[in-house]
Amino acid sequence: MGKNRGKRDRKTVKEESSDDDLLLAAAAAAFPPKQQQSTTTTTKKQHHAFKDIVPPPFPLPIPSSLKGFLSNTDNQHKHLYEAAMQTCYEGVTWEENVFSETRVQQALQTLDDAGFFRVDVTQPAGLGAKCAPTFVTRCLVGKRGMTYKYLGLRMFAHPWDGGAPGCYSEPVAHALRVISSLNDTLTERTKVHLTSLDARKRARGEPGTKGRPGFDVSLINKMASMPRLKDEPMYKQAKCTVSWHADSSLEHYSTIAVYQTIRQNLNKSQSRDNHEWSVALRVAHNAEGPKAARLGSIVVDTKSPPIKLSLPTASVYYLVDDANHHLQHAVLAPKVVGNISGTRYSSTHRLLREGAQVSSMISRCEAICQKFAHHGPKRWRIEQLLLNEIESEWLRQFFIQGQAHKDLLWGFWCEPISLLFKYWSKLEMRTFQVAVEEVYRTSTGIYESFSELLADRARNRGLWVERERDPSFKRVDDALKPLEFPAEYNVRNGKIKSEGQFLGVSPFPDGSNDFLEHIAEMVRQWGEAFANATADSLPSEDPVKVAGGKLIDLNFDLVPLVQSKKKKGKKRKASLT
């Protein structure tokens, strides 16, 4: 009986350890090393089989007469353009009139009138770097709870099913449903283009396409030609509204579909020539995808000529399957500036990687917070990584975008954001208990590692404070300037004192990075005291008093505790890694 019980106990411990490993991996994945490559959904065997396959190279020499982009409107080099589209740009295709432009324009006008399109203040190089307002105004529409992160900013989607009753006015809800209908049409068209590309690949003895049709968000851009736009850097023959890039955060091998509509102001006597917007593309293998190169090491293929697609209004272009992995694209403005050139709206439909959905984040929070009865270094690391992710990657991302952003989205996002604050509050209380009680009661040598976790969070908070004070916000409307982080501090019972003003609570006296850094330093000093078995290294302040409360009574003399450790011989070490 006892023997069997021991087997069951060992099995339980093993299962719990396995669960912790999975949770730790998920938490750590949220803060990977800089430029770490993302994993793909294909198996290792499939990945090995596909690893050296790229679109066919351009088969012809580039003539000296070509002084810029190959274009679909250039009759002189038509044969070169066609050769390029059949080889290195084989994943690019476009078509016209697949969906009612009138419906799309009416929907976009409704969203525009409601204030959906706004400037984003991005931070392309990450926390600690400069911020920059965008030239293009944008909004995100998609499945309920979807988000999209680009250039350091997380966008929160308006649900394209219109949300629950009361989330939006009926005209706005109807406009969102039109975008959903457009998405359904583009999904069906994507199936056709995937089938066509699959047949061409198999005909030359290669594996077929690997992507699946379907999209879960549309990033809708609104742009106009203006004098302050920068020149396209390769040929300086046009202005860029969006410079060279490959779309990020997408499921590998997923197709991108872009519907464009242009609202122009032309008189009958005015020609449409040179008023067209263009999409430029160039070959840059592994600019994105499972083998994505580091940002600074992406190499543009000079043997493949860049192309330019001048597309009419109501057209759709597709980057099918792995095209986004091997091509970069840019958006070129018309030569004519002003009302004649019109305003271009582009509804860019994408399939995002796992983790962009808020429900997956909430599920992770629930799984981790249900295990508060478990203690130890690995658990504490999981919890701190998750707490950092909730605060930095979700909550602060939402409130830094201003009051107008909150007003538009709060009808739907109130519930998930409040739920994330609930878990943030629980993890703040857990941190308080671990940092002030459990770490100070233990002698397992984990102080330094836990101190580093707290210090990392303190640095992160400090960088967010810098981001919220960036001079770029002085150049945007007041409604787009950062909101205060809505957390109430010095609350020990877990209950918000000021309903409506705050969404989360913390037992710590304040939410400053300086205070968190101070607690981290005290934990480090405790570790040094235990390591040296001397009271000389103990922090000079009582941790409970520093934490500002009477919730936890340590009720022991600090010096004898450290000195008693000396008698226990070789100390037992543990690691948080």
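In this text, all values refer to a predicted model and were calculated from it rather than measured experimentally.

How each quantity is defined
- Residues numbered from 1 in each chain as written.
- Predicted model: local features only at pLDDT ≥ 70, side-chain atom pairs only at ≥ 80, totals over all residues.
- Heavy atoms only, no water.
- Helix = DSSP H or I, 4+ residues; strand = E, 2+ residues; numbered from the N terminus.
- Buried < 20%, exposed > 50% of the residue type's maximum accessible area, 1.4 Å probe, protein only.
- Contact = heavy atoms within 4.5 Å.
- Areas by Shrake-Rupley, 256 points an atom, 1.4 Å probe, with all protein chains shown as cover.
- 1 Å grid on protein atoms, 1.4 Å probe; cavity = no way out; pocket = protein on both sides within 12 Å on 5 of 7 lines; lining within 4 Å.
- Points joined across faces, edges and corners; volume = space filled by probe spheres on them.
- Nonpolar A, V, L, I, M, F, W, Y, C, P; charged D, E, K, R; others polar.
- Axes fitted to C-alpha atoms, helices over the stretch in contact; angles between N-to-C directions.
- Parallel < 35°, antiparallel > 145°, perpendicular 65-115°, else oblique.
- Left-handed = near helix turned anticlockwise from the far one by under 90°.
- Pairing = 2+ DSSP bridges.
- Core = buried A, V, L, I, M, F, W, Y, C linked by side-chain atoms within 4.5 Å.
- Phe/Tyr/Trp six-rings, centres within 6.5 Å; stacked < 30°, edge-to-face > 60°.
- Lys NZ or Arg CZ within 6 Å of the ring centre and 35° of its normal.
- Polar contact = N/O pair within 3.5 Å; in protein donor to acceptor, adjacent residues only side chain to side chain.

From N to C terminus, the protein chain includes 13 helices and 18 strands. When burial is assessed residue by residue, the protein chain has 51% of its 577 residues classed as buried. Nonlocal contacts in the protein chain, meaning residues at least 24 apart in sequence, comprise 77% of its contacts between residues at least 6 apart. Carbon and sulfur atoms make up 50% of the accessible area of the protein chain, which totals about 27200 Å².

As a further point, take empty space enclosed by the protein. Inspection of every chain in the model, using the stated rule, returns six cavities of 30 Å³ or more. Estimated volume of the second largest cavity: approximately 70 Å³. Lining the second largest cavity, in full, are Arg118, Val119, Asp120, Val121, Leu153, Ile400, Gln401, Phe473 and Leu480. The element contributing the most residues to the lining of the second largest cavity is strand β3 (residues 118-122), with four residues. When its residues are assigned to classes, the lining of the second largest cavity shows six nonpolar, one polar and two charged.

This next bit is on the packing of helix α7 (residues 358-369) against helix α8 (residues 377-399). The geometry of α7 relative to α8 is characterised by a closest axis approach of 11 Å and an angle of 150° between their N-to-C directions. By the angle between their axes, α7 is roughly antiparallel relative to α8. The interaxial crossing formed by α7 with α8 has left-handed handedness. Each of Val358, Met361, Arg364, Cys365 and Ile368 in α7 lies in contact with α8, whose residues at this interface are Arg379, Ile382, Glu383, Leu386, Glu389, Ile390 and Trp394. Residues belonging to the contact of α7 with α8 are distributed by class as follows: eight nonpolar, no polar and four charged.

The phi dihedral of Asn97 is positive, around 55°, even though this residue is not glycine. Looking at the secondary structure, you find Asn97 in the loop between β2 (92-96) and α4 (101-113). Judged by its relative accessible area of 59%, Asn97 falls in the exposed class. Positive phi outside glycine occurs at Lys236, with the angle close to 55°. With respect to the secondary-structure elements, Lys236 resides in the loop between β9 (230-231) and β10 (239-245). Under the relative-accessibility criterion, Lys236 is labelled exposed at 56%.

Another aspect to go through is the side chain of Gln357. With respect to the element layout, Gln357 can be found in the loop between β16 (343-350) and α7. Once residues lying within four places of it in the same chain are set aside, the contact partners of Gln357 are Arg144, Gly145, Met146 and Trp394.

Bringing the pairing of strand β14 (residues 315-319) into the picture now. Across the five residues of β14, five count as buried, placing the element largely inside the fold. Here β14 shows a buried face lined by Ser315, Tyr317 and Leu319 and a second buried face lined by Val316 and Tyr318. When β2 meets β14, the two strands line up antiparallel, connected through five bridges. In the strand pairing of β14, Glu96 is matched with Ser315.

This next bit is on the nonpolar core. The biggest cluster of nonpolar side chains holds 60 residues, and the ones touching the most others in it are Phe116, Ile390, Ile417, Leu420 and Trp424. The greatest single-element share of this core, amounting to eleven residues, is contributed by helix α9 (residues 403-441). The contacts of Trp424, once residues within four sequence positions are left out, are Leu387, Ile390, Glu391, Leu395, Arg461, Phe485, Ala487, Tyr489, Gly504, Val505 and Ser506.

Along helix α3 (residues 78-86), the residues classified as buried are Leu80, Tyr81, Ala83, Ala84 and Met85. Tucked inside the fold, the buried residues of α3 contact β1 (70-71), β2 and β13 (307-310).

Turning to the sheet that holds β1, a few remarks are in order. Taken together, the six strands give an open sheet; going across it, the order is β1-β13-β12-β15-β10-β9, and neighbouring strands pair in mixed fashion. Only two strands of the sheet have a single neighbouring strand rather than two, namely β1 and β9.

Moving on to the packing of aromatic side chains. Under the counting rule described, the total for this entry stands at 20 aromatic pairs. Ring geometry for Phe69 against Trp244: centres 6.4 Å apart, planes inclined by 35°, an arrangement best described as tilted. Here the residue Phe69 occupies a position in the loop between α2 (44-50) and β1, and Trp244 occupies one in strand β10, the gap between them amounting to 175 residues. Trp244 matches Phe69 in its accessibility class, with the two residues each being buried. Relative to Phe450, the ring of Trp380 has its centre 5.9 Å away and its plane inclined at 65°; by these criteria the two rings are edge-to-face. Of the two residues, Trp380 sits in helix α8 while Phe450 sits in helix α10 (residues 447-468), which places them 70 residues apart along the sequence. Phe450 matches Trp380 in its accessibility class, with the two residues each being buried. An aromatic cluster of at least three residues, connected via ring pairs, comprises Phe156, Trp394, Phe398, Phe399, Trp410, Phe412, Trp413, Phe421, Trp424, Phe485 and Tyr489. Residue placement shows Arg154 over the ring face of Trp394; its charged tip is 4.2 Å from the ring centre. The ring centre of Trp410 lies 4.9 Å from the NZ or CZ of Lys406, which sits over that ring.

In this section: the side chain of Lys201. Position of Lys201 among the secondary structure elements: in helix α5 (residues 170-203). At 3.5 Å, the side chain of Lys201 and the side chain of Asp322 are in polar contact. In contact with Lys201, not counting residues within four places along its chain, are Glu90, Glu206, Pro207, Gly208, Thr209, Asp321 and Asp322.

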